[in-house]
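Observations on the three-dimensional arrangement
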Amino acid sequence: MKIIQKSCPHCGAPLKFSEEDKKTICQYCKQEISIARKNKNKANEDYILSVENYYKGKYYQTTVSKLIGIFFALVVVGIIILFLIISMNHSKQKEDFFIPEKQYITELSQIDKESQKQISNKSLEELSKMKKENVEQTEWQFIGQYFLRHKENNNQNKIYDMYVKEYIIEGAVVKGYAGVEYSPLELTDEKILLIPYRGKVFCPHTSVLGYESNEDFYNKVIRNETNQYIVSSTENLYIEKTNR
């Protein structure tokens, strides 16, 4: 029996079969090979080798599995690229819309005249609600400001806008002192003070006469805050000697 040697049409490995075989199996890729004589009348017979459909299914399954693997790999790569693009756009947006750190008043001299005027108008508006009925009295007069700078956070700095008025009670003149708190003292980009107001007026409600003096106001309102704040003020206001 004559043995014919060819190459496997599927994987290219050496393939042996007899001249009488119509089918054989490749020992390397395990595909079934169909064998047909090309020209039966010639002494040197040539052969047409083809892969049988029975084994093609396995080959196709392998090919499909590879394609699926490639597809998922491409999906993963696409997701990574998309994530990088989104991250870059997000970073760019953060740069485009970067909000600079807020700036705050750190000393009284930073308050511009227009801001002082706004503070004064708001303070007088709030203090005008503090009246003692049936008592002759003057209008509230501005006397200065206390500035409290927080020892750790400038966004907690505050101002007490101070006022005094006179009451005439049984022929005697009595002075009452009051303060209006402003905080936080944030600056605009043009270094102008933003004027917030929390509605906090320091004026005793029991008599609506106010505190007896700046010293009285300091002792009852500010003294308890000196462990957190450094206190300064305009010259005509009382400050405890140890803080000077």
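One can find the structure itself at the top, above this paragraph.
Just so we're clear, the structure is a prediction, and the values are computed from it rather than from any experiment.

**Brief notes about the nonpolar core**
Counting 22 residues, the largest nonpolar core has I105, L127, W140, I159 and L185 as the members making the most contacts within it. Mapped onto this core, the elements with two or more residues apiece are α2 (113-127), β9 (158-169) and β10 (172-182). Not counting the four nearest positions on each side in its chain, I159 is found in contact with L108, I111, Q145, Y146, F147, V180, E181, Y182 and L185. Judged by nonpolar contacts, the second largest core, of 17 residues, contains F202, F217, Y218 and I222.

**Digging into the packing of aromatic side chains**
For the structure on display, the rule yields eight aromatic pairs. Pairing Y160 with F217 gives two aromatic rings, centres 5.7 Å apart and planes at 75°, and the pair type is edge-to-face. One end of the pair, Y160, is in strand β9; the other, F217, is in helix α3 (residues 214-222), and 57 residues separate them in sequence. On the accessibility criterion, Y160 (1% relative accessible area) is buried.

**Quick notes on the environment of V174**
Among the structural elements, V174 can be located in strand β10. For the pair V174 and Q137, spaced 37 residues apart in sequence, the C-alpha separation works out to 9.3 Å. In this structure, V174 is in contact with K165, E166 and Y167, ignoring residues within four places of it in sequence.

**So, the pairing of strand β4 (residues 32-37)**
Where strand β3 (residues 23-25) meets β4, three bridges bridge the pair, whose relative direction is antiparallel. If you follow I25 over to β4, its bridge partner there is E32. Here β3 folds back onto β4, and the loop between the two strands holds six residues, one of which, K30, carries a positive phi near 65°. As judged from the five bridges shared by β4 and strand β5 (residues 47-51), these two strands associate in the antiparallel manner. Within the sheet, the bridge partner assigned to R37 lies in β5 and is Y47.

**Here we look at the sheet that holds β4**
Judged by pairing direction, the sheet is antiparallel, and its three strands sit side by side in the order β3-β4-β5 without closing on themselves. Bordering the open sheet on either side are β3 and β5, each of which pairs with just one other strand. Sheet twist, expressed as the mean angle between neighbouring strand axes with direction ignored, is 30°.

**Section: the pairing of β9**
For β9, a buried count of nine out of twelve residues is recorded, marking the element as mostly surrounded by other parts of the structure. Relative to β9, strand β7 (residues 136-137) runs antiparallel, the two being bridged by two bridges. When the sheet's bridge partners are listed, E136 is paired in β9 with I168. Summarising the sheet, strand β8 (residues 141-150) and β9 pair through seven bridges and their orientation is antiparallel. Across the sheet, L148 pairs through a bridge with K158, a residue of β9. Sheet topology places β9 next to β10; eleven bridges connect them, and they run antiparallel. In the sheet register, D161 faces β10, and the bridge partner there is V180. Hairpin connection, β9 to β10: the antiparallel pair is bridged by two residues, and E170 has positive phi, about 55°.

Cut-offs and rules
- Residues numbered from 1 in each chain as written.
- Predicted model: local features only at pLDDT ≥ 70, side-chain atom pairs only at ≥ 80, totals over all residues.
- Heavy atoms only, no water.
- Core = buried A, V, L, I, M, F, W, Y, C linked by side-chain atoms within 4.5 Å.
- Buried < 20%, exposed > 50% of the residue type's maximum accessible area, 1.4 Å probe, protein only.
- Helix = DSSP H or I, 4+ residues; strand = E, 2+ residues; numbered from the N terminus.
- Contact = heavy atoms within 4.5 Å.
- Phe/Tyr/Trp six-rings, centres within 6.5 Å; stacked < 30°, edge-to-face > 60°.
- Pairing = 2+ DSSP bridges.
- Axes fitted to C-alpha atoms, helices over the stretch in contact; angles between N-to-C directions.

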